[in-house]
Amino acid sequence: MNEFFILMQQELLLTAIIFILLFVKLAAKEVEAKTLLLLTNILLGINLVAGFFSTASGSLFGDMFHTSELLHLEKNILNLGTLIISLQSYNWLMKHKHAAEFYILMLSTLLGMFFMLSSSNLLMFYVGLELASIPLAAMANFDLDKKRSAEAAMKYIISSAFASGLLLFGISMMYGVAGSLNFADLKAIASATPLFLFSFVLIIAGFGFKISAVPFHLWTADVYEGSPIAVTSYLSVISKGSMIFVMTSVLFTVFDKLFFQWYNIMAVLAVLSMIVGNLFAIRQQNIKRFLAFSSISQVGFILIGVSGGDNTGFSSVIYFVLIYIFSNLAAFGVLSLVSTEKGKETIDDFKGFYKTNPLLTWVLAIALFSLAGIPPTAGFFGKFFLILAGAGRNNYLLITIAALNMVVSLYYYLRIIKAMFMDANEAPIEKVEMGWSPKLAMAICVGGIVVTGLVSGAYEYIYSLVK
Amino acid sequence: MNLSLLLILPLAFSLLLLAVKGLKQVRTVALLAAVAQLGLSVFLLFKFLQERVTSSSDFVFDQNYTWYKALNINYHVGVDGISVAMILLTAFVVLAAVLVSWKQEHQHKEFFFLLLFLSLGAYGFFISLDLFTMFFFLEVAVIPKFLLIGIWGSGKKEYSALKLALMLMAGSALVFVGLSGLYFNTSVNGQHTFDLLQISQNSIATNLQYLFFPFAFIGFGIFTALFPFHTWVPDGHSSAPTAASMFLAGISMKLGGYGCLRVATYLMPDAAHHYSTIIIVLSCIAILYGAFATMMQTDLKYINAYSSVSHCGFVLLGIGMLTKTSINGAVLQMVSHGLMTALFFAVIGMIYERTHTRQVAQLGGLLKVMPFISSVFVIVGLCSLGLPGLSGFVAEMTVFMGSWQRADTFYRIATIVSAASIVVTAVYILRAVGSSIMGPIKHTEYLKLGDAAWNEKTAAVLLLVGILIMGLVPFWLTDLINPGTEVIMQKIGMIK
């Protein structure tokens, strides 16, 4: 029983927070939004700090659930991202009538992701995945009076169901071959027989949908554009990040014998995602849509790290997701403020932004530089290590494509920089007022962007855990 | 001496810059920073000359700290004569650039901050002995240029800024592939390494050199206007504000030359032999094409920008010839061109600030109203066309002598062709200088214009002193860089 509490500490804490919020909502009908948000943010903060104290590793429930230091770290990274999103959505949630429900849904999906990460059985994995995706559809619909938001939710639930269908089909086939869904058994039996490969490819396609790798990306842009910004940022970093964690560890530990099969798949997906993501991002006017395509191309870079297939690859993927959380959330943070307060979301609206909001402009600029991989921001280190991990396989064509794609991506990131700093605008966005909460979120993000790269501690720690 | 001071100093001053308010304070801090950098560089020169006598290693003031242990990435810095020369050049140009921007009213804090940040990138690049650190600083120095041109530039500034940033980033993308090739094909104690010294001791297989040399050389070559990747140069230079043009042509293009020499040629000598013909052909094209293209220009900034393409061609020609004298010449040309072109842009900036035009046809008779600026203009023009006694002559002469040492017909023809470009240079320089400062004054309002202010005079004198020292006592500089080229030559192997 004691073991149960120790190993599942993070999941239990999260469940406790969900219940506290439920009770608050039920018991005190007229609770002020301000108090509720403060309470939730404090709880999430405690949750984040407490996460760092759990280091135990072991398995539970007849090897259904396992945990290790690495998994704790991955969960902590997700916790951190959730806290940042919660802080920066402050202005939006203050105006929204259903803040408590929003948090309950969001934390449920986070709980689902935790179970997914900790699963050591495909069935458990699937349950976690569904818990992580269904509430997300409800969240996508959270701009209750906007049609686009409902459309986004619909699109998300349908494509998500389709992906789940593919995954389930693959899982059932795999069960047919292996006679078990336990990861240890699968690892032992994994071989390049046609039926096993068929089911394996279906599972990878399921993953591909969730991380929106090309050619499974078609839902991404519409859902990102329609959803409220808080949900878009959650989708693009937390949901995607958790899926990348799971995919990497499943590929590396369970299907390591099939490396040469999935190496090629990853390389092709990486090249497609980078190129298609970049080409579409160039044409976008809406910043949310723009970030959707840029996130597709970022996934391409991550897949290069995955294709590295060794410890360096694994650790650079986790490291990059951490940096990606900081950089993408810093960008979304600024966007969220501007969109909530002024209702503006296109690149043209940001013309002359520097004149009126110098601080926010610098935050957005640093975030974009980090996304583009410009030193001294952390994004440079993240991308460098990902591509370096890919280069370890001596596939120099792949890394040349990747390196040149970084140049293409720089073009569209610089477009926004240019709009903000250089373009003249007669009616630029007025000065945006912000409270302590978004400021704190941005400070965390910018701090993360500056420190994570220049100081090698984070990478070394991840590397030591992966080893 | 602690080389990291070269990084800490600009960083500390640029942070201090963020704290102060108002143009007066900001520019004072920037000036202090630039003066301190120059002081530090001169101090470094003296310390280096002392240390060199006793030290047995090629690189002195070595500092090596582990940065990313898992990937064997180190913060490894050290200098030899070539890097010291480059650091001195940087310090001179930065101080002059700060001085000519003295009246920078518009968003002055950001302007000087970016300028100092750029110098940080340049110093970091020149002192790095670890390829990762070097690459890091190479890229650090790209985005500030984009912002400097895009925000404070003139003309079609957004286009030029974007073109420059993308082409330079494409260059560094190629460099990155080359570097990762070097990394994965060296193994020291079972670990891959980015360490320049370790890679140089660890010969890389010839076929791999053939594969990765083009990546590294073209990548760095883009920075130094390697034909046909020179197209960012004219646009970038002409749209940039004066200080940024000075930095861009004076230092930034030298990052590329230094990289071609130190990384591509030094670490992959077999490939350097293999591809030398192509390098020579391309640099000859750059020299001639640059010179002829300059003849067609009517805008003073474009004239200097295209002539930079031509002059930087000599750097690559010197490297491509692979003789000791020619490589010495390449380094001399880097320093000489850095000083000369920075001064050229400074003078053009001064003229433009007063007359508000850079069209040669609009100017005329300036010698009568602004004698100081005009005289400097004449001197720098003469330096550009290679008048003996000024730095340009020394550098170009050394390159030609080095090239002539290669006896084959091909090399002879290449030398003659590139030497012939000097005639073209004389044509465009004399025409530009002559018609803008001599003759009658074209517009009556020019009569009211004043001569250089104290800051402009100081900047010009500073760079002029550099040019004159190099022209009159060239062996000071040659002595400084000679041991450095010696090391590179040992690796290349003597050809004759």
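Note: the structure precedes this text.
Thresholds, definitions, all that
Residues numbered from 1 in each chain as written. Chains lettered and ligands numbered in written order. Predicted model: local features only at pLDDT ≥ 70, side-chain atom pairs only at ≥ 80, totals over all residues. Heavy atoms only, no water. Helix = DSSP H or I, 4+ residues; strand = E, 2+ residues; numbered from the N terminus. Rg over C-alpha atoms; globule rule 2.2 N^0.38 Å. Buried < 20%, exposed > 50% of the residue type's maximum accessible area, 1.4 Å probe, protein only. Contact = heavy atoms within 4.5 Å. Polar contact = N/O pair within 3.5 Å; in protein donor to acceptor, adjacent residues only side chain to side chain. Nonpolar A, V, L, I, M, F, W, Y, C, P; charged D, E, K, R; others polar. Salt bridge = Lys/Arg side-chain N within 4 Å of Asp/Glu carboxyl O. Core = buried A, V, L, I, M, F, W, Y, C linked by side-chain atoms within 4.5 Å. Axes fitted to C-alpha atoms, helices over the stretch in contact; angles between N-to-C directions. Parallel < 35°, antiparallel > 145°, perpendicular 65-115°, else oblique. Left-handed = near helix turned anticlockwise from the far one by under 90°. Phe/Tyr/Trp six-rings, centres within 6.5 Å; stacked < 30°, edge-to-face > 60°. Disulfide = S-S within 2.5 Å.

Caption draft 1: Representation of the overall build of chain B. Of regular secondary structure, chain B possesses 20 helices and two strands. Over its C-alpha trace chain B gives a radius of gyration of 21 Å, about what one expects of a compact globule, namely 23 Å for 496 residues. By its C-alpha atoms, chain B is 75 × 60 × 45 Å across when sized along the principal axes. Expressed as a percentage of its 496 residues, the buried residues of chain B come to 67%.

Caption draft 2: Representation of the interface of chain A and chain B. Counting residues at the interface gives 39 residues for chain A and 37 residues for chain B. Connecting chain A to chain B are seven residue pairs in polar contact (both at pLDDT 80 or more). Looking at the side of chain A that touches chain B, the elements that each hand over two or more residues are helix H15 (311-342), helix H17 (358-372), helix H18 (378-391), helix H19 (396-421), helix H20 (436-454) and helix H21 (457-466) of chain A. By residue number, the principal contributor to the side of chain A that touches chain B is H19(A), which donates 12 residues. Of the residues in the side of chain A that touches chain B, the class split is 29 nonpolar, seven polar and three charged.

Caption draft 3: Seen up close, the side chain of Thr133(B). Residue and element names in this part refer to chain B. Mapped onto the elements of the fold, Thr133 is located in helix H5 (residues 131-140). At a separation of 3.1 Å, a polar atom in the side chain of Thr133 contacts the main-chain carbonyl oxygen of Asn74. In contact with Thr133, not counting residues within four places along its chain, are Trp67, Asn74, Tyr75, His76 and Ser128.

Caption draft 4: Focus on the pattern of salt bridges. All names here are of chain A. Overall, the coordinates contain 19 salt bridges over all chains when judged by the stated rule. Of the charged contacts, one joins Asp222 and Arg289 as a salt bridge, the two residues approaching to 3.0 Å between their closest N and O atoms. With a gap of 67 residues between them, Asp222 in helix H11 (residues 220-226) and Arg289 in helix H14 (residues 287-308) connect regions that are remote in the sequence. Connected via shared salt-bridge partners are Arg148, Glu151, Lys155, Asp222, Glu225 and Arg289.

Caption draft 5: Quick peek at the environment of Ala188(A). Residue and element names in this part refer to chain A. Following the sequence through the fold, Ala188 ends up in helix H9 (residues 183-189). On the basis of relative accessible area, Ala188 is assigned to the exposed category, the value being 58%. Along the backbone, Ala188 and Val223 are 35 residues apart, and their C-alpha atoms lie at a distance of 39 Å.

Caption draft 6: The nonpolar core, seen in detail. Of all hydrophobic cores here, the largest spans 389 residues; its most connected members are Phe255(A), Trp262(A), Leu303(A), Phe385(A), Ile417(A), Leu131(B) and Met246(B). No other element matches H15(A), which puts 19 residues into this core.

Caption draft 7: How the structure looks around the packing of H19(A) against helix H6 (residues 143-152) of chain B. The interhelical angle for the contact between H19(A) and H6(B), taken along N-to-C directions, is 40°, at an axis separation of 11 Å. Taken as axis vectors, H19(A) and H6(B) run oblique relative to one another. Read as a crossing pair, H19(A) and H6(B) show a hand that is right-handed. Note on element contacts: H6(B) touches H19(A) through Ile143(B), Phe146(B), Leu147(B) and Ile151(B), opposite Leu410(A), Leu414(A), Ile417(A) and Phe421(A).

Caption draft 8: Summary view of the environment of Gly439(B). Residues and elements named next belong to chain B. Looking at the element boundaries, Gly439 is found in the loop between helix H18 (409-437) and helix H19 (454-472). On the basis of relative accessible area, Gly439 is assigned to the partly exposed category, the value being 37%. For Gly439 and Gln405, which are 34 residues apart along the polypeptide, the C-alpha to C-alpha distance reads 44 Å. Discounting residues that sit within four places of it in the chain, Gly439 has contacts with Gly365 and Lys368.

Caption draft 9: Region of the structure containing the packing of aromatic side chains. One pass over the structure, following the stated rule, counts 77 aromatic pairs over all chains. Where Phe196(A) meets Phe255(A), the ring centres are 6.1 Å apart and the plane angle is 65°; that geometry is what we call edge-to-face. Of this pair, Phe196(A) sits in helix H10 (residues 194-210) while Phe255(A) sits in the loop between helix H12 (229-254) and helix H13 (259-282); the two residues are 59 residues apart in sequence, bridging distant segments of the chain. Across the pair, Phe255(A) and Phe196(A) agree in class, each one buried. Measuring from centroid to centroid gives 6.0 Å for Trp67(B) and Tyr68(B), while their planes differ by 40°, and the two rings are tilted. Judged by relative accessible area, Trp67(B) falls into the buried class, the value being 13%. Accessibility expressed as a relative area gives 0% for Tyr68(B), which makes it buried.

Caption draft 10: Just the packing of helix H4 (residues 69-88) of chain A against H12(A), in detail. All names here are of chain A. Relative to each other, H4 and H12 sit at 180°, their axes nearing to 10 Å. Between H4 and H12, the interaxial angle falls into the category roughly antiparallel. Only Ala230, Ser233, Tyr234, Val237, Ile238, Ser242 and Phe245 of H12 make contact with H4, whose side of the interface consists of Glu74, Ile77, Leu78, Gly81, Thr82, Ile85 and Gln88. Broken down by class, the residue content of the contact of H4 with H12 amounts to eight nonpolar, five polar and one charged.

Caption draft 11: Spatial organisation of the state of the cysteines. Taken as a whole and assessed by the stated rule, the structure comprises zero disulfides over all chains. No disulfide involves Cys312(B); its nearest neighbouring cysteine sulfur is the one of Cys260(B), lying 10 Å away.

Caption draft 12: Inspection of H5(B) at higher detail. Residue and element names in this part refer to chain B. By the criterion of burial, H5 is predominantly enclosed, with 10 of the 10 residues buried. For H5, the full list of buried residues reads Leu131, Phe132, Thr133, Met134, Phe135, Phe136, Phe137, Leu138, Glu139 and Val140. For H5, the N-terminal cap is Asp130; the gap from its side-chain oxygen to the backbone nitrogen of Phe132 is 3.0 Å.

So, to be careful, I would describe these as geometric facts and stop short of saying anything about function.
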